[in-house]
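Listed here are the chains, written in short residue letters.
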Amino acid sequence: MSQQNSERQFGELVFMNGGLLGLLRRLFSIGRKSEVSLPQFALLLALLTWLPVAILSLIESSQNTSESITFAEDFFVHVRFLLVLPFLVIIIKPVSASFGLFIENTEQLIEDAQKDEYQKLQDQIQKMLGSSLSDIIFLSLIYLLTFINWDDMNILGSNRDYLVGEGDHITLAGWYYLLVSSPLLQLVFIRWLWRWIIWFYTTYRVTKFKLQMDPLHADHMAGLVYVNLTPLSFSFILIAPSAVLSSLIGMNIVYNDAAITEYALQITAYVLILPIILYSPLLLYSPLLVKARTFGIVQFGDLIREHDKLYAKKWMSETKPHVEDDLLGSADHSSLADINGSYQSIQDITTIPISLKMITSSVLFNLLPYIPLIFTYYSPSELFKLLITNVFGS
């Protein structure tokens, strides 16, 4: 399977065109010569979830009190629907491309006798990704949990009078928020979780194949370092919930006199733990790496032992080498250095198939949305002075 075909199969066609969101995208494309692009679809979803709430809140603005949070002031809602939702749609392309490369590169490691079985796995993955049934189940659970936890909904008692009026009377904007905007965003979130679970399942199934590992590979992972690219691309998704959490913390800081230091432990745990969970399926490859390393040490060790015997017999025996053999220019010495260098690559094979550089990048991606919160504690000038003091001394 070519790279282009892999990206096409596991790209937008099954990542976005399947399920209820794919149906919604096709509805947006009615009357057009071509289907709306992902950026256009992201914009339309943002408008669908945000604009009606904005209009309805303006119509009912007379109900707002001086102590309530107006729609314009509620940046938690703006971040969710104008930033997070379109972002989760736009990143489909790079994530799907990475998943396609994972499928293609893995196929190169599958033995010919198992190619058909691997193709069946690909077909199963496509059905799971494009399933409308899973979306219906997810959406049903969203509405069910909303009504089961009705008294504990976060909009009740939130001081957002444009959503909830006197006596916990839900406004038209509130109903639209509860029945359309919030469920749609939650569905997009859950679909991303579903994709990660499918990748987890795919990884599990792949480790059950007899993979053609390469103990001599320069990546020190027997040729498996590429599997880190998929969780690395999924790291972009972490920015979305981090942005939501950051905006919620920001609301508490601005309107409830909270301090960022109160959330330091939660932020630290969230920033560090989520990437670990994200990469954790890669540990399924550890037994394969142990096996590849053991095989390489044994088999290549025997080869080196035989090579060294021949080298010693020729160059280190009591009988001198033939006159025509040039001691300084013989390829034997280079061969000795090369074969021992190759053996070092086998010894350096890690049994934990997680790239430290890539998971560190994921942690940094996850940290980005929390940076603006620093300015609720320090002013830009204070941060600059603090930087100068730490770099150049007091």
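That block above? That's the structure.
To keep things clear, this report deals only with the structure shown in the data block. (Residues numbered from 1 in each chain as written. Predicted model: local features only at pLDDT ≥ 70, side-chain atom pairs only at ≥ 80, totals over all residues. Heavy atoms only, no water.)

1. Focus on the packing of aromatic side chains
To describe a pair of aromatic rings, one takes the distance between the centres and the angle between the planes.
Step number 1: Enumeration over the complete set of coordinates arrives at 12 aromatic pairs.
Step number 2: Plain terms: the ring middles of W192 and F234 are 6.2 Å apart, the flat faces sit at 90° to each other, and that makes the pair edge-to-face. Of this pair, W192 sits in helix α9 (residues 172-206) while F234 sits in helix α10 (residues 229-255); the two residues are 42 residues apart in sequence, bridging distant segments of the chain. There is no split in this pair, since W192 and F234 are both buried.
Step number 3: Between F236 and F365, the ring centres sit 5.1 Å apart and the planes meet at 25°, which makes this aromatic pair stacked. Of the two residues, F236 sits in helix α10 while F365 sits in helix α14 (residues 356-367), which places them 129 residues apart along the sequence.
Step number 4: These aromatic residues form a ring-pair network of at least three members: F99, F102 and Y226.
Step number 5: Across from the ring centre of W192, 4.4 Å away, lies the NZ or CZ of R195, which sits over that ring. (Phe/Tyr/Trp six-rings, centres within 6.5 Å; stacked < 30°, edge-to-face > 60°. Helix = DSSP H or I, 4+ residues; strand = E, 2+ residues; numbered from the N terminus. Buried < 20%, exposed > 50% of the residue type's maximum accessible area, 1.4 Å probe, protein only. Lys NZ or Arg CZ within 6 Å of the ring centre and 35° of its normal.)

2. Here's the deal with helix α7 (residues 115-129)
In an α-helix there are 3.6 residues to a turn, and that puts residues three or four apart on one side.
Step number 1: The terminal C-alpha atoms of α7 lie 21 Å apart, and with 15 residues this matches the ideal 21 Å at 1.5 Å per residue to within 8%.
Step number 2: Residues of α7 that are buried: Y118, L121, Q122, I125 and L129. Looking down the long axis of α7, one finds its buried residues gathered within 100° of arc, a one-sided arrangement. The exposed set on the far side of α7, more than 90 degrees from its buried face, consists of D116, K120 and K127. (Expected span 1.5 Å × (residues − 1). Arc of directions from axis to C-beta.)

3. As for the nonpolar core
Step number 1: Ranked by internal contacts, the top residues of the largest apolar core, which has 79 residues, are F102, W192 and Y285.
Step number 2: Per-element accounting of this core gives the leading share, 13 residues, to α9.
Step number 3: For Y285, the contacting residues outside a window of four places in its chain are F102, T203, V206, T207, L211, L224, V227 and P353.
Step number 4: Residues A258, I260, V271 and Y370 belong to the second largest nonpolar core, which totals 9 residues. (Core = buried A, V, L, I, M, F, W, Y, C linked by side-chain atoms within 4.5 Å. Contact = heavy atoms within 4.5 Å.)

4. A word on the packing of helix α8 (residues 132-148) against α9
Step number 1: Viewed as axis vectors pointing N to C, α8 and α9 meet at an angle of 130°, and their least axial separation amounts to 10 Å. The angle between the axes of α8 and α9 places the two elements in the oblique class. The handedness of the crossing between α8 and α9 comes out as right-handed. Facing α8, whose interface residues are S134, D135, F138, L139, I142, Y143 and F147, α9 presents L178, L179, P183, Q186, L187, I190, R191 and W194. (Axes fitted to C-alpha atoms, helices over the stretch in contact; angles between N-to-C directions. Parallel < 35°, antiparallel > 145°, perpendicular 65-115°, else oblique. Left-handed = near helix turned anticlockwise from the far one by under 90°.)

5. As for unusual backbone geometry
With the exception of glycine, most residues fall at negative phi, and the peptide bonds are largely trans.
Step number 1: The residue H220 is not glycine, and still its phi comes out positive at about 60°.
Step number 2: In this fold, H220 is placed in the loop between α9 and α10.
Step number 3: The exposure class of H220 is partly exposed, given its relative accessible area of 31%.
Step number 4: Phi at A222 takes a positive value of approximately 55°, unusual for a residue other than glycine.
Step number 5: Looking at the secondary structure, you find A222 in the loop between α9 and α10.
Step number 6: Residue classification places A222 among the buried positions, given a relative accessible area of 2%.

6. Regarding α14
Step number 1: End to end, α14 covers 17 Å across 12 residues, agreeing with the expected 16 Å (1.5 Å per residue, within 8%).
Step number 2: For α14, the set of buried residues is M358, I359, S362 and N366. Buried residues in α14, looked at end-on, bunch into an arc of 95°, giving them a common side. Exposed residues pointing more than 90 degrees away from the buried face of α14 are listed as L356, K357 and L364.
Step number 3: Here the buried face of α14 lies against α10 and α11 (264-279).

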